[in-house]
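Structure assessment
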Amino acid sequence: MTDSKYFTTTKKGEIFELKAELNSDKKEKKKEAVKKVIASMTVGKDVSALFPDVVNCMQTDNLELKKLVYLYLMNYAKSQPDMAIMAVNTFVKDCEDPNPLIRALAVRTMGCIRVDKITEYLCEPLRKCLKDEDPYVRKTAAVCVAKLHDINAQLVEDQGFLDTLKDLISDSNPMVVANAVAALSEIAESHPSSNLLDLNPQSINKLLTALNECTEWGQIFILDCLANYMPKDDREAQSICERVTPRLSHANSAVVLSAVKVLMKFMELLSKDLDYYGTLLKKLAPPLVTLLSAEPELQYVALRNINLIVQKRPEILKHEMKVFFVKYNDPIYVKLEKLDIMIRLASQANIAQVLAELKEYATEVDVDFVRKAVRAIGRCAIKVEQSAERCVSTLLDLIQTKVNYVVQEAIVVIKDIFRKYPNKYESVIATLCENLDSLDEPEARAAMIWIVGEYAERIDNADELLESFLEGFHDESTQVQLQLLTAIVKLFLKKPTETQELVQQVLSLATQDSDNPDLRDRGYIYWRLLSTDPVAAKEVVLAEKPLISEETDLIEPTLLDELICYIGTLASVYHKPPSAFVEGSRGVVHKSLPPRTGSSESAESPDAAPPGVQAGEQPAVIPAQGDLLGDLLNLDLGPPVSGPPIATSAVQMGAVDLLGGGLDSLIGGGSFTPVPSTTMPTNLGAPLGSGLGDLFDLTGGVGALPGSYVAPKAVWLPAMKAKGLEISGTFTRQVGSISMELVLTNKALQVMSDFAIQFNRNSFGLAPAAPLQVHAPLAPNQSVEISLPLNTVGSVMKMDPLNNLQVAVKNNIDVFYFSTLYPLHILFVEDGKMERQMFLATWKDIPNENEAQFQIKDCSLNADAISSKLQGSNIFTIAKRNVEGQDMLYQSLKLTNGIWVLAELRIQPSNPSFTDLEVRTLLSLKCRAPEVSQYIYQAYETILKN
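The following refers to the structure shown. Nothing here was measured: the structure is a model prediction, and the numbers come from that model.

**Quick word on the overall build of the protein**
Within the protein one finds 36 helices and 13 strands. When the 946 residues of the protein are sorted by exposure, 51% land in the buried category. Total accessible area on the protein stands at roughly 43,800 Å², and carbon and sulfur atoms take up 52% of it.

**Let's talk about a negative patch on the surface**
On the surface, a cluster of negative charge is contributed by Glu-464, Glu-467, Glu-471 and Glu-501. Inspection of the secondary structure assignment puts Glu-464 in helix α26 (residues 462-470).

**Here we look at the environment of Val-751**
If you trace the backbone, Val-751 turns up in the loop between β3 (737-746) and β4 (756-759). Aside from chain neighbours lying at most four places away, what touches Val-751 is Asn-746, Pro-777, Leu-778, Ala-779, Pro-780 and Asn-812.

**Focus on the side chain of Lys-31**
If you trace the backbone, Lys-31 turns up in helix α2 (residues 27-42). With residues up to four places along the chain from it excluded, the contact list for Lys-31 reads Asn-62, Glu-64 and Leu-65.

**Here we look at the packing of aromatic side chains**
Using the criterion set out here, one finds 11 aromatic pairs in the structure. Here Trp-450 and Tyr-455 contribute two aromatic rings whose centre-to-centre distance is 6.3 Å and whose plane-to-plane angle is 85 degrees, an arrangement assigned as edge-to-face. Judged on exposure class, the residue Trp-450 and its partner Tyr-455 are both buried. Taken together, a centroid distance of 5.3 Å and an interplanar angle of 35 degrees make the contact between Trp-716 and Phe-731 tilted. Placement of Trp-716 in strand β1 (residues 714-717) and of Phe-731 in strand β2 (residues 725-734) is noted, with a sequence separation of 15 residues between them. A relative accessible area of 0% means that Trp-716 is categorised as buried. We classify Phe-731 as buried; its relative accessible area is 1%. For Lys-335, the ring lying beneath its charged end belongs to Phe-369, and the centroid distance is 5.2 Å.

**Describing unusual backbone geometry**
The peptide bond linking Asp-800 to Pro-801 adopts the cis configuration, its omega dihedral lying at -5 degrees. Position of Pro-801 among the secondary structure elements: in the loop between β6 (783-791) and β7 (804-810). The phi dihedral of Asp-754 falls on the positive side, at around 55 degrees, and the residue is not glycine. Along the chain, Asp-754 turns up in the loop between β3 and β4. Backbone geometry at Asn-874 places phi at a positive 65 degrees, although glycine is not the residue there.

**Digging into the nonpolar core**
In this structure, Tyr-72, Leu-126 and Phe-418 are the most contacted members of the largest nonpolar core, which totals 216 residues. What Leu-126 contacts, discounting residues up to four positions off in sequence, is Val-107, Met-110, Ala-141, Cys-144, Val-145, Leu-148 and Phe-161. Formed by 64 residues, the second largest nonpolar core is a distinct cluster that contains Leu-790, Phe-816, Leu-824 and Ala-863.

**Things to note about the sheet that holds strand β13 (residues 921-927)**
If you trace the five strands from one edge of the open sheet to the other, you get β9-β13-β12-β11-β10, paired in antiparallel fashion. Each having just a single partner strand, β9 (851-856) and β10 (876-883) make up the two edges of the open sheet. On average, each strand axis in the sheet is inclined to that of its neighbour by 20 degrees, with strand direction left out of account. Each of β9, β10, β11 (886-894), β12 (900-907) and β13 is contacted by helix α34 (residues 836-845), which is oriented at about 95 degrees to β12, the strand it contacts most. Here helix α35 (residues 863-871) sits on the sheet in contact with β10, β11 and β12, set at roughly 5 degrees to β11.

**Points about helix α25 (residues 442-454)**
In an α-helix there are 3.6 residues to a turn, and that puts residues three or four apart on one side. If you check α25, its first and last C-alpha atoms are 18 Å apart, about what 13 residues at 1.5 Å a residue would give, namely 18 Å. Of all 13 residues that make up α25, 11 are buried, and the element is covered over most of its length. For α25, the complete set of buried residues consists of Ala-444, Arg-445, Ala-446, Ala-447, Met-448, Ile-449, Trp-450, Ile-451, Val-452, Gly-453 and Glu-454. If you follow the buried residues of α25, they end up packed against α23 (404-420), α24 (429-434), α26 and α27 (478-494).

**Side note on the sheet that holds strand β5 (residues 767-768)**
Sheet architecture is open: five strands sit in the order β1-β2-β3-β6-β5, paired in antiparallel fashion. Looking at the sheet topology across the chains shown, the edges are occupied by β1 and β5. Here β3 runs beside β6; their pairing, made up of eight bridges, is antiparallel. Paired with Leu-744 across the bridge in β6 is Val-784.

**Description of the side chain of Asp-132**
Positionally, Asp-132 belongs in the loop between α8 (116-130) and α9 (135-151). Among the polar contacts listed, one links the side chain of Asp-132 to the backbone nitrogen of Asp-134, at a separation of 2.8 Å. Sequence-distant contacts of Asp-132, that is, excluding residues within four places in its chain, are made with Arg-103, Val-137 and Arg-138.

**Re the packing of helix α16 (residues 253-267) against helix α17 (residues 275-291)**
Two quantities define a packed helix pair, namely the angle between the helix axes and the distance between the axes. Where α16 meets α17, the axes come as close as 11 Å, and the angle between the chain directions of the two elements is 155 degrees. The angle between the axes of α16 and α17 places the two elements in the roughly antiparallel class. Seen along the crossing, α16 lies across α17 with a hand that is left-handed. Residue-level inspection shows Ser-253, Val-256, Leu-257, Val-260, Leu-263 and Met-267 of α16 in contact with α17, the latter providing Tyr-277, Leu-280, Leu-281, Leu-284, Pro-287, Leu-288 and Leu-291. Of the residues contributing to the contact of α16 with α17, the split by class is 12 nonpolar, one polar and no charged.

**Some words on the pairing of strand β8 (residues 815-821)**
Counting buried positions over the seven residues of β8 gives five, a clear majority of the element. Two elements, β7 and β8, share seven bridges in a ladder whose sense is antiparallel. Across the sheet, Lys-810 pairs through a bridge with Val-815, a residue of β8.

**A short note on the packing of helix α19 (residues 332-345) against helix α21 (residues 367-383)**
Where α19 meets α21, the closest approach of the two axes is 10 Å, and the angle between their N-to-C directions is 5 degrees. When the axes of α19 and α21 are compared, the pair comes out roughly parallel. Residues Ile-332, Lys-335, Leu-336, Leu-339, Asp-340, Ile-343, Arg-344 and Leu-345 of α19 lie in contact with α21, whose contacting residues are Asp-368, Phe-369, Lys-372, Ala-373, Ala-376, Arg-379 and Lys-383. Residue composition of the contact of α19 with α21, grouped by class: eight nonpolar, no polar and seven charged.

Parameters and conventions
Residues numbered from 1 in each chain as written. Predicted model: local features only at pLDDT ≥ 70, side-chain atom pairs only at ≥ 80, totals over all residues. Heavy atoms only, no water. Helix = DSSP H or I, 4+ residues; strand = E, 2+ residues; numbered from the N terminus. Buried < 20%, exposed > 50% of the residue type's maximum accessible area, 1.4 Å probe, protein only. Areas by Shrake-Rupley, 256 points an atom, 1.4 Å probe, with all protein chains shown as cover. Patch = residues over 30% accessible without salt bridge, like charges linked within 9 Å, V, L, I, M, F, W, Y side chains within 5 Å. Salt bridge = Lys/Arg side-chain N within 4 Å of Asp/Glu carboxyl O. Lys, Arg positive; Asp, Glu negative; His and termini not counted. Charge placed at Lys NZ, Arg CZ, Asp CG, Glu CD. Contact = heavy atoms within 4.5 Å. Phe/Tyr/Trp six-rings, centres within 6.5 Å; stacked < 30°, edge-to-face > 60°. Lys NZ or Arg CZ within 6 Å of the ring centre and 35° of its normal. Core = buried A, V, L, I, M, F, W, Y, C linked by side-chain atoms within 4.5 Å. Pairing = 2+ DSSP bridges. Axes fitted to C-alpha atoms, helices over the stretch in contact; angles between N-to-C directions. Expected span 1.5 Å × (residues − 1). Polar contact = N/O pair within 3.5 Å; in protein donor to acceptor, adjacent residues only side chain to side chain. Parallel < 35°, antiparallel > 145°, perpendicular 65-115°, else oblique. Left-handed = near helix turned anticlockwise from the far one by under 90°. Nonpolar A, V, L, I, M, F, W, Y, C, P; charged D, E, K, R; others polar.

What follows is the structure in structure tokens.
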């Protein structure tokens, strides 16, 4: 009879009946009663009231009954910790039972009872079991140590269990060794700093010996442990590889992948000239191919891992292209993954085979698959130059099918082929233009617009084609709008006389009628460029484009090396490091491949060091998301900018008046309408409330240095908000260089290191010009002063207030955010003195509504003192005159982004009859970007009062 009867009952007073049965003298009745209790517990009924009665049943020789009672105990010990202590004596007794199964059962249950009160009582029984004569008990006890460490790490360390675990690595039984390795790996993972698995050649030898005899899961634990070992030389690496290679023929795919991981890692240490290196490459291919004959889910996992292996070492599978050909009954996720690997393995030798296969796929019924197949043909053309012509003719054949989505994908990839092979295949443009009306997807429309703009001189009716897109400009996606704007500007620069109206139309659509900040910004930049210097505009917009690279979707090298170390885990399926998706407090250790040694790199090797880079050095790459500061609250922080971007000079010509109006005509005095002076749009950045941290005190401080005024340091990030890190600072400008003067103080109890800093986009493009250099770790109660050079070539976004700067600082503890206000006078440049005539003309030219007036109270300096003090901060006096007893100073200054500000300062002479409340100094400011006036006034007041 089955046990299902215990789950169906309609009796009343169940608990009472069960209690009576549990205390029965008959063994069979007791066992039946415990089964009923477990059944009730399984379906979710609360039977915790029976705890003492069930615990009494532990005193039995019947193994089945004991197992049931232990099961009950594990479930209810947490909610009844005081009662659970009653069971301790039985555990102690069971750990000395003559039957090893009972000893192991007792120690396994002890590890599962997560109750602090009990753990200390369990140490003695566990110690005995770790040294038990029976290997089954020892292997169970090894896992119990890891469980106990999770509950109370300190207790395990104090009791010396970790040393006992290390001794078990030398055990004679392979299963005990495997479990000891698994337990130590688990503990080491939660304590990355502890060097628990201190592997040496002797212990490695013992692990390799155990590898041949333990179960498949034991083998995986041991292989994963071997992967973390660093051989001392290539001979040791080769010896380990030779002993791991037989695992490649194991039936369990997890064992195969773990073995592949070890071999991929140790191959880095083998010279490519060795005969064994070539042998190993040949041995790696068959097991990977065999994985593809499993069920689809396993195939997918294998393919994701193969994708990484092929990127690292394509030579392993270069002769195995056929196994990646798609079968008709493959699920879509397997098909797409196979397609990806086919392209990665495509070479001159097999391209004909691959293209024939891809052309076949492009006529399938599955839309996603067909799209990817068409893209794959384009990628083959870009990767294997000899096949480009054949690929283009294949794509043209596909366009002739007139299947909408095939045509659109083909146009997208042909655009990339044009970028790779300029002036080669432009004859197909006419065919592409015939399909213009059928394009309805943004990417395809954008690609077609790019082609028309890029080759406008070859297309007679290019202006008509682009005008047809312009009719529904506001309904298009941003991608298409941006492409259309650029294409029409290109067309105008190639055929200026015919397309002046068209370019005016698109510029006004982009700048006046659009609320997309990217589009408006690009529109303004083009407008300024075209109106200020058409020659420079031609150089910028029609500049020669760099050829696109062969593989655009390769994983970045340092991330790839890290993922190779995680083959056979979830990270290798996600293609993300564990730190990107593992939550919780456990520190995830970043793994990387060992540096290559003693190899004469071959030119075809994908990991050959580029010229000038020594083998073993990692190429400098932009840090991965999990690396430096990640995506800081989505603040869009780029890496610190170390120098001006390319073509800055060309853009700067048009940037002098980027925010202003009043532009000259585009073609020597034509009827080009001036840009509206709504200039810097108010919706360029979302309002940034919450002003993090302490704001800069613009009115405090005393003058310390001659030259530009420096405010005293203020606390920007209090220690209580940053886990003990306090940051105070100020801004300075000395001889044309802007710096952030910082004091970092460690008020925590632990050492701080690995400092880095980034700024959010801001109104004037302030960005660190160099990394944050803290040369030694910062000990508790220690401070360090740092001068961080800044530049103004970072990303720009209008902030509120305008001089708000949001900063992220990272150290080994966490990432911290604060914001501060910088005084605008650090942005006043040294060449801000305007010629007198220019000053007069500009003053008249700026509309009166742009003039702002301010009162500076309590300033007791005379005109000469004011003039000399302001000149120290790059505010230059152009003229001085006296009108009706008042001194008038006419001044100019220029901001780092090219905005000029003109000032008139009216100073009343000292008069003893004035009271303190009366105005002594009146400031009038005129500027094409009136939003900066308020901040210029604050700078004046700060400089004059300190």
